[in-house]
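Report on the structure
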Amino acid sequence: MAHFNIIKGDITQMHVDAIVNAANTALSGGGGVDGAIHRAAGPQLDEACRKLNGCPTGEAKVTPGFNLPAKFVIHTPGPIWHGGHQNEPELLANSYRNSLKRAVENDCHTVAFPSISTGIFDFPLNQAAKIAIHEIQMFEAPLDVTMVCFDPVTFDAYQQEWQKAQQR
Ligand code: AR6
């Protein structure tokens, strides 16, 4: 991993090659960061998503960014938290790994992630942050990855887990 950093902010404002969307399996748009991305990208994003025929949990599919500053949107449905015994950690790891793969396939150098699954999908924040950081660190490609945290609690959790990961 070339470079990793954590910031507070709104992912729709990011001037990067690709932003990742915490989507649903229908890729139909929704609330949270998904809603914000669809609003900022404009109606062409809805149209492009409809043509993709949905996306299984943990997989990732790509569209253009349309009116966003980012060139691409990588849509990945993270897992809904059901208590932790339905493969949620593995599925969340898959979301990060497959999104990073799509970025490389599309010649992206800079990628921004939101905190996948920790909003409406209720995945425990620190556990999600640990998984996200592990997958990003392990990914073998010279990418510049930014974790964009929308609120201070999320920002603090990712900072904590990043510090712990560096001490290991
Ligand atoms: N920039 C960055 N992060 C954001 C933004 C933003 N503009 N807006 C919200 N977040 P969530 P999930 C943060 O609920 O848990 C949708 O309906 C938010 O504070 O967006 O994966 C989809 O269609 C939280 O930290 O995603 C799915 O049905 C993080 O993004 C479902 O929600 C993720 O919260 C997906 O739920």
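Given the structure is predicted, the values throughout are model-derived calculations rather than measurements.

**A word on the packing of aromatic side chains**
For the structure shown, the criterion picks out three aromatic pairs. Plain terms: the ring middles of Trp81 and Phe123 are 4.7 Å apart, the flat faces sit at 65° to each other, and that makes the pair edge-to-face. Of the two residues, Trp81 sits in the loop between β4 (72-77) and α3 (88-105) while Phe123 sits in the loop between β5 (110-113) and α4 (125-138), which places them 42 residues apart along the sequence. Ring geometry for Tyr96 and Phe113: centres 4.9 Å apart, planes at 35°, overall tilted. Here the residue Tyr96 occupies a position in helix α3, and Phe113 occupies one in strand β5, the gap between them amounting to 17 residues. Neither residue differs from the other here; Tyr96 and Phe113 are each classed as buried.

**A short note on the site of the ligand**
The local shell around the ligand holds 24 residues, among which Asn24, Val33, Asp34, Ser117 and Ile120 are the closest. A distance of 2.8 Å separates an oxygen atom of the ligand from a polar atom in the backbone of Ile120. Summarising the interface, the protein chains cover 91% of the accessible area of the ligand, which totals 700 Å² for the free molecule. Counting atoms within 2 Å of the grid points, the majority share of the ligand lands in the largest pocket. Those elements that provide at least two residues to the shell around the ligand are β2 (18-23) and α1 (32-41).

**Looking at the nonpolar core**
Membership of the largest hydrophobic core comes to 35 residues, with the highest contact counts inside it found for Phe4, Ile6, Tyr96, Phe113, Ile136, Met147 and Tyr158. Put simply, the parts of the chain that give this core at least two residues each are β1 (3-8), β2, β4, α3, β5, α4, β6 (144-149) and α5 (152-167). Counting residues per element, this core draws most heavily on α4, which supplies seven residues. Apart from the residues within four sequence positions on either side, Met147 is in contact with Phe4, Asn5, Ile6, Ile7, Tyr96, Phe113, Pro114, Ser115, Ile136 and Tyr158.

**Some details on the environment of Glu59**
Here Glu59 is to be found in the loop between α2 (43-50) and β3 (61-64). Put simply, Glu59 and Asn98 are 39 residues apart on the chain and 5.9 Å apart in space, counted from C-alpha to C-alpha. Those residues in contact with Glu59 that lie beyond four places of it in its chain are His75, Thr76, Pro77 and Asn98.

**Considerations on the state of the cysteines**
The full count for this structure, using the stated rule, is zero disulfides. Free cysteine: Cys108, not disulfide-bonded; nearest cysteine sulfur from Cys49 at 16 Å. With a relative accessible area of 5%, Cys108 lands in the buried category.

**A word on the layout of surface pockets**
Here the largest pocket defines a volume of roughly 560 Å³. Mapped onto the lining of the largest pocket, the elements with two or more residues apiece are β2, α1 and β6. Sorting elements by how many residues they give to the lining of the largest pocket places α1 first, with four residues. Here the lining of the largest pocket is built from residues that sort into twelve nonpolar, eleven polar and three charged.

What counts, and where the lines are drawn
Residues numbered from 1 in each chain as written. Predicted model: local features only at pLDDT ≥ 70, side-chain atom pairs only at ≥ 80, totals over all residues. Heavy atoms only, no water. Phe/Tyr/Trp six-rings, centres within 6.5 Å; stacked < 30°, edge-to-face > 60°. Helix = DSSP H or I, 4+ residues; strand = E, 2+ residues; numbered from the N terminus. Buried < 20%, exposed > 50% of the residue type's maximum accessible area, 1.4 Å probe, protein only. Near = heavy atom within 4 Å. Polar contact = N/O pair within 3.5 Å; in protein donor to acceptor, adjacent residues only side chain to side chain. Areas by Shrake-Rupley, 256 points an atom, 1.4 Å probe, with all protein chains shown as cover. 1 Å grid on protein atoms, 1.4 Å probe; cavity = no way out; pocket = protein on both sides within 12 Å on 5 of 7 lines; lining within 4 Å. Sits in = over half its atoms within 2 Å of the grid points. Core = buried A, V, L, I, M, F, W, Y, C linked by side-chain atoms within 4.5 Å. Contact = heavy atoms within 4.5 Å. Disulfide = S-S within 2.5 Å. Points joined across faces, edges and corners; volume = space filled by probe spheres on them. Nonpolar A, V, L, I, M, F, W, Y, C, P; charged D, E, K, R; others polar.

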